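Chains, contacts and geometry: an overview
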Amino acid sequence: MTFRSLLACCLIILISACKDKNDPDIIVNIEDDFYVNMFEDISNGERRLEFRLTSIKEQDCLNYSIDYNLSFNEGSGMLELSINDLVQPEICIEGNATASVTVPFGAMSNGTYTLFINLKDAITNHGRLSVDDLHYQLDLDSDDGIEITNETLYRVPQQTIWGAVAYNSNNQEDNADAVLNDLKDITIVRSIQSDNAYPSGYYGYFDLDESKSISLQVKPEAEYHKPFIFTVDGDDLTAINDLIEAACNQYPELNIELNMTNGQVQRCN
């Protein structure tokens, strides 16, 4: 090889080595380490965004934790979440389980935020978090090392009630249906079928399919359950509360839980 050819080869190698790691032509192939899931907590009547992080692989202790940092520059509208690493416990509780942590973003004003999700000081995923009255929308330019479980989180509309009537014996199905029929017959309770405020998708607490049928994210611990969702007129829920209390007394075999967007939960003891 001539000196000129050797010099040209060296220059090509040098240019390739110096290429920016964020160059869009470079494909980063990294095994995903964490699930990232958006959730809006309305348990106390407020609305607070959370990112729930879960390790994709199970760990060899039940009490692993996840170390992270979260910063928010309100002036620039920039959010930065750094997922540092898994933290091995000092005393291991034996067993296999995924590690998880809830990252509280808090109440988010409507708008578009610049978002960085960093992983182990080695990876930076850049994107945007959009917030409006209807939903949260996550749009990342890359998702290296993470897996976003739901890019769109719909906000549970005000004046919504939802839950389930659960039971362990199928001979209780008629009683469960009776409770739901009584709930539907309350004057202020309406179906969501013709309500445009309920598009199909993920709502954190539940999912709605194309027919607006509800599927709860956390299922009751019972053999059978009938989930429900309704919208209500007004803020006076006395009739609904009275009905649930009476049903719990009348049908002790049923496990009834009703959630409201004001943060209240009513269930049979």
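Overview of the structure. Because the structure is predicted, anything quoted here is derived from the model rather than measured. (Residues numbered from 1 in each chain as written. Predicted model: local features only at pLDDT ≥ 70, side-chain atom pairs only at ≥ 80, totals over all residues. Heavy atoms only, no water.)

**A closer look at helix α2 (residues 173–184)**
The cut-off we apply is this: Helical segments are the DSSP runs of H or I of at least four residues, strand segments are the runs of E of at least two, and each set is numbered from the N terminus. A helix is expected to span 1.5 Å multiplied by its residue count minus one. Categorising residues by exposure relies on relative accessible area from a 1.4 Å probe, with only protein chains included: less than 20% of the type maximum marks a residue as buried, more than 50% marks it as exposed, and the intermediate range marks it as partly exposed. The arc in question is the one traced by the directions running from the helix axis out to the C-beta atoms. A contact between two residues is defined here by any heavy atoms of the two lying within 4.5 Å.
End to end, α2 covers 17 Å across 12 residues, agreeing with the expected 16 Å (1.5 Å per residue, within 8%). For α2, every residue scored as buried is listed here: A176, V179, L180 and L183. Angular distribution of buried residues about the axis of α2 spans 95°; they occupy a single face of the element. Taken together, the buried residues of α2 touch β13 (160–167), β14 (189–190), β18 (224–232), α3 (238–250) and β19 (255–260).

**Some points on the layout of surface pockets**
Taking a probe equal in size to a water molecule and rolling it over the atoms shows the remaining empty space. For clarity, the cut-off: The distinction between a cavity and a pocket rests on a 1 Å grid over the protein atoms alone: a 1.4 Å probe fits inside a cavity but cannot get out, while a pocket stays open yet meets protein on both sides within 12 Å along at least five of seven lines, and a residue with an atom within 4 Å of a point counts as lining. Grid points are joined across faces, edges and corners, and a volume is the space filled by probe spheres set on the points. Three classes are used: nonpolar for Ala, Val, Leu, Ile, Met, Phe, Trp, Tyr, Cys and Pro, charged for Asp, Glu, Lys and Arg, and polar for all others, with Gly counted as polar.
In this structure, the largest pocket spans a volume of roughly 600 Å³. Looking at the largest pocket, it is lined by 29 residues, and the ones nearest its centre are W162, Y205, V218, E257 and N259. Partitioning the lining of the largest pocket into residue classes produces 12 nonpolar, 11 polar and 6 charged.

**Focus on the pattern of salt bridges**
Spelled out, the test is: The salt bridge criterion pairs a side-chain nitrogen of Lys or Arg with a carboxyl oxygen of Asp or Glu, the two atoms within 4 Å.
Taken as a whole and judged by the stated rule, the model has 13 salt bridges. For E50, the salt bridge identified is with R52, shortest N-O distance 3.2 Å. You can call R52 partly exposed: its relative accessible area is 33%. The shortest N-O distance in the salt bridge between K226 and D177 comes to 3.3 Å. Of this pair, K226 sits in strand β18 while D177 is found in helix α2, placing the two residues 49 residues apart along the sequence.

**Things to note about the environment of A178**
Following the sequence through the fold, A178 ends up in helix α2. Sequence-wise, A178 and A247 are 69 residues apart; in three dimensions their C-alpha atoms are separated by 9.3 Å.

**A short note on the state of the cysteines**
So the rule is basically this: To count as a disulfide, a pair of cysteine sulfur atoms needs to be within 2.5 Å.
Tallied over the entire structure, the rule returns 2 disulfides. Note that C248 is cross-linked by a disulfide to C268, the S-S spacing being 1.9 Å. One quick way to see it: the torsion about the S-S bond of C248 and C268 is about -85°, and its sign makes the bridge left-handed. Of this pair, C248 sits in helix α3 while C268 sits in the segment after β20 (265–267); the two residues are 20 residues apart in sequence, bridging distant segments of the chain. What makes C248 buried here is its relative accessible area of 15%. Numbered by position along the chain, the disulfide-linked cysteines of the protein chain connect as 1-2, 3-4.

**Quick notes on the pairing of strand β9 (residues 123–131)**
If a strand is regular, its side chains alternate between the two faces of the sheet. Selection criterion: Pairing between two strands requires that DSSP report at least two bridges joining them.
Across the two faces of β9 the burial differs, with I123, N125, G127, L129 and V131 buried and T124, H126, R128 and S130 not buried at all. Here 9 bridges tie strand β8 (residues 111–119) to β9, and the two strands are oriented antiparallel to one another. Its bridge partner lying in β9, F116 is registered against H126. Once β8 ends, the chain turns through 3 residues before running back antiparallel as β9, passing K120 with a positive phi of about 55°. Strand direction decides the pairing type here: β9 and strand β10 (residues 135–140), joined by 5 bridges, are antiparallel. In the strand pairing of β10, V131 is matched with Y136. Linking two consecutive strands that pair antiparallel, namely β9 and β10, is a turn of 3 residues.

**Focus: the environment of L119**
Along the chain, the position of L119 falls in strand β8. Sequence-distant contacts of L119, defined by excluding residues within four places in its chain, comprise D33, F34, I83, D144 and G145.

**Observations concerning unusual backbone geometry**
In this model, K120 sits at a positive phi of 55°, which is unusual for a non-glycine residue. Residue placement: K120 occurs in the loop between β8 and β9. The phi dihedral of K212 is positive, around 65°, even though this residue is not glycine. One can find K212 in the loop between β16 (206–208) and β17 (214–216). Taking the relative accessible area as the measure of exposure, K212 reaches 15% and is therefore buried.

**Observations regarding the environment of D195**
With respect to the helices and strands, D195 occurs in the loop between β14 and β15 (201–202). Taking the C-alpha atoms as reference points, D195 and K212, 17 residues apart in sequence, are found 9.8 Å from one another. Dropping the residues within four chain positions of it, D195 is found in contact with K212 and T231.

Geometry only, nothing functional implied.
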